[in-house]
Amino acid sequence: MPQIETKNTVRSKSRLQLSPGKSGWVELRLVRRGATFLLFRRFEGEAWVLARREDKPDMPATLQVGPIAYTDWDSSRSYFVWGRVRAYNVRVLDRGRPDLTARFDWIRFRRPGPTGAPASAP
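Residue positions within a chain follow its written sequence, with the count starting from 1. Reporting in this predicted model follows two pLDDT cut-offs: at least 70 for local features of residues, and 80 or more for side-chain atom pairs to be given and counted; totals over whole chains, interfaces and linings ignore these cut-offs and use all residues. As a convention, hydrogens and water are excluded, and side-chain values are obtained from all of the structure's heavy atoms.

Quick word on the pattern of salt bridges
Then comes step 1: Note on definitions: salt bridges are taken to be side-chain nitrogens of Lys or Arg within 4 Å of carboxyl oxygens of Asp or Glu. According to the stated counting rule, one finds 6 salt bridges in the structure shown.
Then comes step 2: Across the pair E54 and R15 runs a salt bridge whose closest N-O atoms are separated by 2.3 Å. Note that E54 is positioned in strand β5 (residues 49–55) and R15 in strand β2 (residues 13–20), a separation of 39 residues in sequence.
Then comes step 3: Exposure is judged per residue with a 1.4 Å probe applied to protein chains only, and the accessible area is read against the type maximum: over 50% gives exposed, under 20% gives buried, and values in between give partly exposed. A relative accessible area of 11% places E54 in the buried class. Per the convention used, a helix needs a DSSP run of H or I reaching at least four residues, while a strand needs a run of E reaching at least two, with both numbered from the N terminus.

The structure is reproduced here in structure tokens:
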């Protein structure tokens with residue numbers, strides 16, 4: 001069953017939150033306002049929904065941001081190497097039963113306009 005995972009990771013330790021997903025297209029929007037991050041999601045034909053709010057007053061100078069998609073956890077979890085990020089990220093899994101195709105059409109970073117948010121913001 002599809003789900004949306006959000007996590008806040010600091011020094012390789014993550015606080016995970018799962019919410020129900022749907023098959024088909026989903027749009028995600030991550031908004032930063034000062035030390036607060038807001039994650040919005042919108043399934044095809046539906047309105048924007050606030051999926052998570054994370055306050056980060058201890059924000060580091062450099063952030064890593066990007067989309068990720070998982071499939072077939074039952075097969076891949078045996079390959080997972082806890083605490084060894086480099087070893088995990090160079091492994092190729094050639095067995096299992098993947099059941100997901102993820103496509104990312106684009107990712108855009110922009111500063112808000114003079115009113116504080118782009119006209120298309122939720």
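Points about the confidence of the model for the protein chain
Then comes step 1: With 75% of its residues at a pLDDT of 70 or more, the protein chain shows a mean pLDDT of 76.
Then comes step 2: Each residue gets a pLDDT score, which is the predictor's confidence in that residue and runs from 0 to 100. Mean pLDDT in the protein chain bottoms out at helix α2 (residues 85–89), which sits at 61, and peaks at strand β4 (residues 36–43), which reaches 90.

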